[in-house]
Amino acid sequence: MTNSSAPLLIILPGLDGSGRLSVPFMHALEAQGVESQVIAYPKDRAMGYDALRDWLRPQLLRQPPFVLLGESFAGPLAIMLGTTGLTSLRGIILSTTFARAPVPAPSVLARVLQLPLPLPPVAPLARLLLGRWRTASLEGALRDALAGTSPSVLRARAVETLRIDVRALLPLVSTPVLCLHANEDRLLQASALRSIEHGLQQPAESHLLDGPHLLLQAQPVEAAARVASWLRTLDRGTLPHAPPEA
């Protein structure tokens, strides 16, 4: 049974955009009494961060009080949406994500990703994203999630991550923020989430969990417990209201 007084948790998924990989995490949240939902992105349209922000915002305006979780690719998106005056927004959770291009030499990689090349095999991707938590089940889930989105759209989203920089927006975030790090994240440098924390006006609550880049998929129970515990602090009335909608 969910706790009706807790804010709804809205999950913005990673690069695949489908939300399929979020199912175990959502089940673990339900066991913690947290109601959650995923907003999947259009799977056949190459939309950049600005376009996705504008596509998502009207949907969020219709929601009851909620907390926004941005995972990996969606971290910059959650930060952007957090500064658009959403009156029902009660907090932001950032999981294994970044505020600017997460890898070096972004311009070179962006040019390569724009070429109509086939996507890399799932097995090496699974090793990169899951590390020692890689299982046949998780690799199969990753394969299914990626197969449900057009390769050109996946490449376009990857290019977007190499161009994004929302650090200037961080001081404008007025809601509480929870940051989840993974101690064996092979994709992001340790400084990625730290740069987010340093840019915020209000100190974020931060947790380093044992896991890979796909933290919510590899460690759904522990991640859900951390999220639920933080949401309960918001329940106790420690959270100021979001600024009035512009």
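Higher on the page you've got the structure.
Fair warning: this is a prediction, and the values are worked out from it, not measured in the lab. (Residues numbered from 1 in each chain as written. Predicted model: local features only at pLDDT ≥ 70, side-chain atom pairs only at ≥ 80, totals over all residues. Heavy atoms only, no water.)

### Overview of the sheet that holds strand β5 (residues 177-182)
Then, in step 1: Pairing is parallel in the open sheet, where 6 strands are placed in the order β2-β1-β3-β4-β5-β6. On the outer flanks of this sheet lie β2 (36-38) and β6 (205-209), each paired with one strand and no other. Each neighbouring strand pair of the sheet contributes to a mean axis angle of 20 degrees, computed without reference to strand direction.
Then, in step 2: Sheet analysis places strand β1 (residues 8-12) next to β2, joined by 3 bridges and oriented parallel. Residue pairing in the sheet places Leu 9 in a bridge with Ser 36 of β2.
Then, in step 3: Packed on one face of the sheet, helix α1 (residues 23-31) meets β1, β2 and β3 (66-71) and runs near 170 degrees to β1.
Then, in step 4: Sitting on the sheet, helix α8 (residues 191-199) touches β4 (89-95), β5 and β6, and the angle it makes with β5 is about 165 degrees. (Pairing = 2+ DSSP bridges. Helix = DSSP H or I, 4+ residues; strand = E, 2+ residues; numbered from the N terminus. Axes fitted to C-alpha atoms, helices over the stretch in contact; angles between N-to-C directions. Contact = heavy atoms within 4.5 Å.)

### Focus: unusual backbone geometry
Then, in step 1: The backbone phi angle of Ser 72 is positive, close to 50 degrees, even though this residue is not glycine.
Then, in step 2: By the element assignment, Ser 72 lies in the loop between β3 and α3 (75-81).
Then, in step 3: For Ser 72, a relative accessible area of 12% corresponds to the buried category.
Then, in step 4: In this model, Thr 96 sits at a positive phi of 40 degrees, which is unusual for a non-glycine residue.
Then, in step 5: Considering the arrangement of structural elements, one finds Thr 96 in the loop between β4 and α4 (106-113).
Then, in step 6: Residue Thr 96 is classed as buried on the basis of its relative accessible area, which comes to 2%. (Buried < 20%, exposed > 50% of the residue type's maximum accessible area, 1.4 Å probe, protein only.)

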